[in-house]
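# Coordinates in review
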Amino acid sequence: MFWDEGVETISRRELEKLQGERLRESVARAAQSPFYKKRFAEAGLAPERIKGLADLSRIPFTTKDDLRISYPYGMLAVPLREVVRMHASSGTTGTPTVIYHTAADIDGWAGLCARSIVAAGVGPDDVFQNMMSYGLFTGGLGLHYGAEKVGCLTIPAGPGNTARQIKFMQDFGTTAVHMTPSYALHVADCVREAGIDPAGLTLRVAFFGAEPYSAGTARKLEAMFGLTAINSYGLSEMNGPGVAFECSERTGMHLWEDHYIMEVVDPRTGGPAAEGEVGELVLTTLQRTAMPVLRYRTRDLTRVIPGEPCPCGRTHRRIDRIMGRTDDMLIIRGVNVFPSQVEHVLMGLPEVGNNYQIVLDRVGHLDRMTIRVELYGKLFHGELRELRDIQRKIEEALRAQLVLTPKVELVEPGTLPASMGKAVRVIDNRQAEDE
Ligand code: ADP
Ligand code: ZN
């Protein structure tokens, strides 16, 4: 099933031609904004000199800081009267940044979301409960507009009030959901606590995104609810959800290349990463009008999946699951650790429950990493010796993966703060202890 078959299955040659033309237009539009006007002048680059894809690398990168210094209107490329909506990033790191949309931009974005939803095998017969936050955050409204375009019965539930979410799922026969994977784990706990068999719900497909999570977490959620987990990637700077999405083949996330040019670069040098290698994703908008963004450093680490095209027939290239962000890498006693590595280990262990937290302290001059792990179900009330064995097993598994030995603290299920949106996994007390 396709939403827009012609565009989704376009030949690579046609696609690249289209990208070249649209790049030229996008650069011309961007040059209308105060920010890019200045940026082009500083770089001594006349926008007309960008004639096609081959000239892409002459355009300077745009960073999150560029967006911040352009607050509030520096990146606006059209008169204010043409703008119909703004969003702001959730500010996982630092102050929020603002994104503007014209009516055409909203329509283009909704089309991308509709395309993604249909590619995942969801259609007009589905009841779609959207449990992402509505408001400045893009997760809620983004997929909402797409799902309505597709014709799903769309329930704008938003996150939280978990008992009501579960009641809705039962009463309306919800078949598709959209939420953060960390919230999904919490919902699973609540479903079980209420004495409901999660597999007895009518859920069929879940779109999980907005935060990094491991394949193990996805598989665990699939087994618990008896559904298909679809990885959904987006960021507010590039609209929000609907940038890259898994199709029902689930061989990686198709990045919609008629709307975005993707590059994968070495985060240290900014030069292109070798083919199929992990690097930082860099994106350029091709169709946005209110706020075109050129060569945006997403800070998200992934790779382009090499090899055969996807059996679904879509020609848009696929990216691998996001490994983490260049700015969430932890340096612990000089060793680089991504929170996603910790999650990968934990979610592969059946003794581990649905929540964990990474706590960093400094003792004297040494970093100490403690991983607080909720145990699975009733295990917590088991024998002390058994608990010690589990603790040792988790420590061993982490040491093998991380090349350092964290301290593992087992806690009772439901004691760590539950996440409704993006989970806060890392508590870094090291700076405070330095002062
Ligand atoms: P921010 O978190 O930067 O304040 P956003 O709300 O726009 O702003 O969130 C976008 C970010 O969320 C992405 O850059 C990425 O780091 C993360 N993200 C979104 N979808 C996924 C996904 N499917 N897997 C991993 N990370 C994701
Ligand atoms: Zn596919």
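Residues numbered from 1 in each chain as written. Chains lettered and ligands numbered in written order. Predicted model: local features only at pLDDT ≥ 70, side-chain atom pairs only at ≥ 80, totals over all residues. Heavy atoms only, no water.

## Notes on the layout of surface pockets
Space inside the second largest pocket adds up to approximately 530 Å³. Every residue lining the second largest pocket is counted, 26 residues in all, and those nearest its centre are Met262, Glu263, Val264, Pro272 and Arg317. Elements with a minimum of two residues in the lining of the second largest pocket: helix H2 (12-30) and strand E10 (260-265). Its residues placed into classes, the lining of the second largest pocket shows 13 nonpolar, five polar and eight charged. (1 Å grid on protein atoms, 1.4 Å probe; cavity = no way out; pocket = protein on both sides within 12 Å on 5 of 7 lines; lining within 4 Å. Points joined across faces, edges and corners; volume = space filled by probe spheres on them. Helix = DSSP H or I, 4+ residues; strand = E, 2+ residues; numbered from the N terminus. Nonpolar A, V, L, I, M, F, W, Y, C, P; charged D, E, K, R; others polar.)

## Let's talk about the packing of helix H5 (residues 103-119) against helix H6 (residues 138-150)
Where H5 meets H6, the axes come as close as 7 Å, and the angle between the chain directions of the two elements is 70 degrees. Comparing their axes, H6 and H5 come out roughly perpendicular. Two secondary-structure elements touch here, H5 through Ile106, Asp107, Trp109, Ala110, Gly111, Cys113, Ala114, Ile117 and Val118 and H6 through Thr138, Gly142, Leu143, Tyr145, Gly146, Ala147, Lys149 and Val150. (Axes fitted to C-alpha atoms, helices over the stretch in contact; angles between N-to-C directions. Parallel < 35°, antiparallel > 145°, perpendicular 65-115°, else oblique. Contact = heavy atoms within 4.5 Å.)

## Points about the sheet that holds E10
The strand order across the open sheet built from four strands is E10-E11-E12-E14, with neighbouring strands paired in antiparallel fashion. Each edge of the open sheet is held by one strand with a lone partner, namely E10 and strand E14 (324-325). (Pairing = 2+ DSSP bridges.)

## Points about the coordination of the zinc ion (ligand 2)
Around the zinc ion (ligand 2), the donor atoms from the protein are Cys247 (SG), His254 (NE2), Cys310 (SG) and Cys312 (SG), and they sit 2.1 to 2.3 Å away. For the zinc ion (ligand 2), the four donor atoms in the first shell make angles of 103 to 116 degrees at the metal, so the coordination geometry reads as tetrahedral. Read N to C, the donor residues that coordinate the zinc ion (ligand 2) are spaced as C-x6-H-x55-C-x1-C. Of this pair, His254 sits in strand E9 (residues 253-255) while Cys310 sits in the loop between strand E12 (296-302) and strand E13 (318-319), and the two are 56 residues apart along the sequence. (Donors = N, O, S within 2.8 Å, 3.2 Å for Na, K, Ca; no water. Tetrahedral: all angles 85-135°; square planar, octahedral: opposite > 155°, others 65-115°.)

## Concerning the packing of aromatic side chains
Under the defined criterion, the tally for this structure stands at seven aromatic pairs. Taking the centre distance of 4.8 Å and the plane angle of 80 degrees together, the rings of Phe35 and Tyr36 count as edge-to-face. A connected cluster of aromatic rings, assembled from ring pairs, spans Phe35, Tyr36 and Phe40. Against the face of Tyr145 rests Arg85, its NZ or CZ located 4.8 Å from the ring centre. The ring of Trp256 has Arg115 sitting right over it, with the charged end atom 5.0 Å from the ring centre. (Phe/Tyr/Trp six-rings, centres within 6.5 Å; stacked < 30°, edge-to-face > 60°. Lys NZ or Arg CZ within 6 Å of the ring centre and 35° of its normal.)

## Comments concerning the sheet that holds strand E17 (residues 352-363)
Spatially, four strands are ordered E19-E18-E17-E20 in an open sheet, and the strand pairing comes out mixed. With one partner strand each, in any of the chains shown, strand E19 (407-411) and strand E20 (426-428) form the two edges of the open sheet. Within this sheet the neighbouring strands show an average axis-to-axis angle of 20 degrees, counted without direction. Two strands pair when backbone bridges link them, and E17 and strand E18 (residues 366-375) are joined in this way by nine bridges, in the antiparallel orientation. What sits directly across from Leu360, in E18, is Met369. This element, helix H10 (residues 339-346), spans E17, E18 and E20 of the sheet and lies at about 140 degrees to E17.

## Some remarks on the pairing of E17
Most of E17 is tucked away: ten of the twelve residues are buried. In the sheet, E17 pairs with E20 via three bridges, with the strands oriented parallel. By the bridge assignment, Ile358 is partnered in E20 with Val426. (Buried < 20%, exposed > 50% of the residue type's maximum accessible area, 1.4 Å probe, protein only.)

## A few points about the pattern of salt bridges
Taken as a whole and judged by the stated rule, the model has 29 salt bridges. Residue Asp65 is joined to Arg68 by a salt bridge in which the shortest nitrogen-to-oxygen separation is 2.9 Å. Pair noted here: Asp65 and Arg68 are both in helix H4 (residues 64-69), with a separation of three residues, about one helical turn. Judged by relative accessible area, Asp65 falls into the partly exposed class, the value being 46%. Given the relative accessible area of 23%, Arg68 is considered partly exposed. When salt bridges with common partners are traced through the structure, they connect Arg12, Glu16, Glu257 and Arg317 into a single cluster. (Salt bridge = Lys/Arg side-chain N within 4 Å of Asp/Glu carboxyl O.)

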